[in-house]
Amino acid sequence: MGEEKRVLVTGGAGFVGSHLCERLLSSGARVLCLDNFYTGSAANVAHLRQHPGFQLMEHDVCVPISVEVDEIYNLACPASPVHYQREPVQTTRTSVLGALNMLELANRQGAKILQASTSEVYGDPAVHPQPESYWGNVNPVGPRSCYDEGKRCAETLFFDYRRQYGLGIKVARIFNTYGPRMQPDDGRVVSNFIVQALRGDGISIFGDGSQTRSFCYVDDLVDGLIRLMATPDSMTGPVNLGNPTEFSMLELAQEVLQATGSKSAIAYLPLPVDDPRQRKPDIALARSLGWQPTTALRTGLRLTIAHFEGQDLATPRLRNCA
Ligand SMILES: NC(=O)c1ccc[n+]([C@@H]2O[C@H](COP(=O)([O-])OP(=O)(O)OC[C@H]3O[C@@H](n4cnc5c(N)ncnc54)[C@H](O)[C@@H]3O)[C@@H](O)[C@H]2O)c1
């Protein structure tokens, strides 16, 4: 028997990170979860604290760190527009400096490193659906740029560490993901709609609701991340990970209303700046790696709604973000 794999998950106390930590532990890895709790919380991984292979460390990825690891999943970065636009300079710093510090660590340790990049690198895409070869249509000076450009620069750093040092890198471009442990007030559309429906508030649709998104259930995404990490060294990505089934915002609202049995009405609001019209992954490359999402929206929504039903939703103020 070889030694257990030592895996570092930055942003491990966030929504996706907490599910990833859980899955890695159940596969027998030792997990160091590193987080500064900017948007995540210790509560998200409280159920893992007793696991002998789990360690939680409060740390900011902008500060260099030295730990012994075999693999790094770099997820640290606020992901929802309300959070990443709150302190945009900090968002870019986390994306770029965080990536740099984790790449330095991986390089020193000879560890493999995976970057949680985003479909936002495609901006408001002129190509639909988006294959990895599409370079994107990003506004470099808008309110979303701190995130979009920060993530694009992080990708550049990953590929330059590959070219300059031969580092084992993987870049996953994650499309909209939802599931339990999303924050009720972080402005992402699935959590917003569910919370509004459960509270009986109006369901806020921006514009006419015809803009589309594709939604991937978190378990499917975590499968994809782990599968990508396990690919041969030559597979660097970028690889799109997302669900290619498209839904308009109006359709999503209707699914949520049906699944919750809510009588909430639809409230139409003005479109935010730079809101993309369409976003849908081309996942041919991921499919060639043997991955595709398997959770239907209706099933994923049921599991996510169950999570929110167990919470006190009286207080959170919902923010306006698509
Ligand atoms: N959820 C999605 O739909 C989605 C889509 C595309 C990309 N992603 C990417 O996946 C990753 C995880 O997203 P998420 O949805 O779980 O978001 P999240 O906000 O729940 O998680 C991000 C985590 O990073 C931590 N963090 C932020 N800044 C940090 C710093 N400087 N140092 C250490 N930790 C820091 C936060 O506290 C949080 O726990 C992010 O990198 C995000 O960009 C997510």
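Residues numbered from 1 in each chain as written. Predicted model: local features only at pLDDT ≥ 70, side-chain atom pairs only at ≥ 80, totals over all residues. Heavy atoms only, no water.

Visitor: Where do I start with the environment of Arg 227 in this structure?
Guide: Looking at the element boundaries, Arg 227 is found in helix H6 (residues 218-229). Note on Arg 227: relative accessible area 39%, which makes it partly exposed. Linking Arg 227 and Gly 17, residues 210 residues apart in sequence, is a C-alpha distance of 15 Å. Ignoring anything within four residues of it in the chain, the contact list for Arg 227 reads Leu 289, Gly 290 and Trp 291. (Helix = DSSP H or I, 4+ residues; strand = E, 2+ residues; numbered from the N terminus. Buried < 20%, exposed > 50% of the residue type's maximum accessible area, 1.4 Å probe, protein only. Contact = heavy atoms within 4.5 Å.)

Visitor: Sorry if this is basic, but what is going on with the site of the ligand here?
Guide: Taken together, 31 residues sit near the ligand, with Asp 35, Thr 39, Leu 75, Tyr 147 and Arg 188 positioned nearest. The separation between a nitrogen atom of the ligand and a polar side-chain atom of Asn 36 is 3.2 Å. The side chain of Asp 60 places a nitrogen or oxygen atom 2.9 Å from a nitrogen atom of the ligand. Starting from 820 Å² of accessible surface for the ligand in isolation, the protein chains cover 97%. Contributing elements (two or more residues each) for the shell around the ligand: helix H1 (15-26), helix H3 (88-109), strand S5 (112-118) and helix H4 (145-165). When grouped by side-chain class, the residues that make up the shell around the ligand number 15 nonpolar, 12 polar and four charged. (Near = heavy atom within 4 Å. Polar contact = N/O pair within 3.5 Å; in protein donor to acceptor, adjacent residues only side chain to side chain. Areas by Shrake-Rupley, 256 points an atom, 1.4 Å probe, with all protein chains shown as cover. Nonpolar A, V, L, I, M, F, W, Y, C, P; charged D, E, K, R; others polar.)

Visitor: How should the sheet that holds strand S11 (residues 239-241) be read in this particular structure?
Guide: Hydrogen bonds between backbone groups are what pair the strands of a sheet, and the pairing can be parallel or antiparallel. The strand order S3-S2-S1-S4-S5-S6-S11 describes an open sheet built from seven strands, whose pairing is parallel. Among the strands making up the open sheet, the edge pair consists of strand S3 (54-58) and S11. Shown here is a sheet whose adjacent strand axes are inclined to one another by a mean of 20 degrees, direction ignored. Sheet topology note: the strand S6 (residues 169-174)/S11 ladder contains three bridges and is parallel. Its bridge partner lying in S11, Arg 173 is registered against Asn 240. Across the sheet, H3 is in contact with strand S1 (6-10), strand S4 (71-74), S5 and S6; its angle to S4 comes to roughly 175 degrees. Against the sheet, H4 touches S5 and S6, its axis set at about 155 degrees to S5. (Pairing = 2+ DSSP bridges. Axes fitted to C-alpha atoms, helices over the stretch in contact; angles between N-to-C directions.)

Visitor: What is the right way to look at empty space enclosed by the protein in this model?
Guide: Empty space among the atoms becomes visible once a probe the size of a water molecule is rolled across them. According to the stated counting rule, one finds four cavities of 30 Å³ or more in the structure shown. What the second largest cavity holds in volume is close to 40 Å³. Considering the residues around the second largest cavity, the lining is formed by Gly 224, Arg 227, Leu 228, Val 239, Leu 241, Ala 286, Leu 289 and Trp 291. At the level of secondary structure, the elements contributing two or more residues to the lining of the second largest cavity comprise H6 and S11. Here the element with the most residues in the lining of the second largest cavity is H6; it accounts for three residues. When grouped by side-chain class, the residues that make up the lining of the second largest cavity number six nonpolar, one polar and one charged. (1 Å grid on protein atoms, 1.4 Å probe; cavity = no way out; pocket = protein on both sides within 12 Å on 5 of 7 lines; lining within 4 Å. Points joined across faces, edges and corners; volume = space filled by probe spheres on them.)

Any functional reading would require information that these geometric values do not contain.
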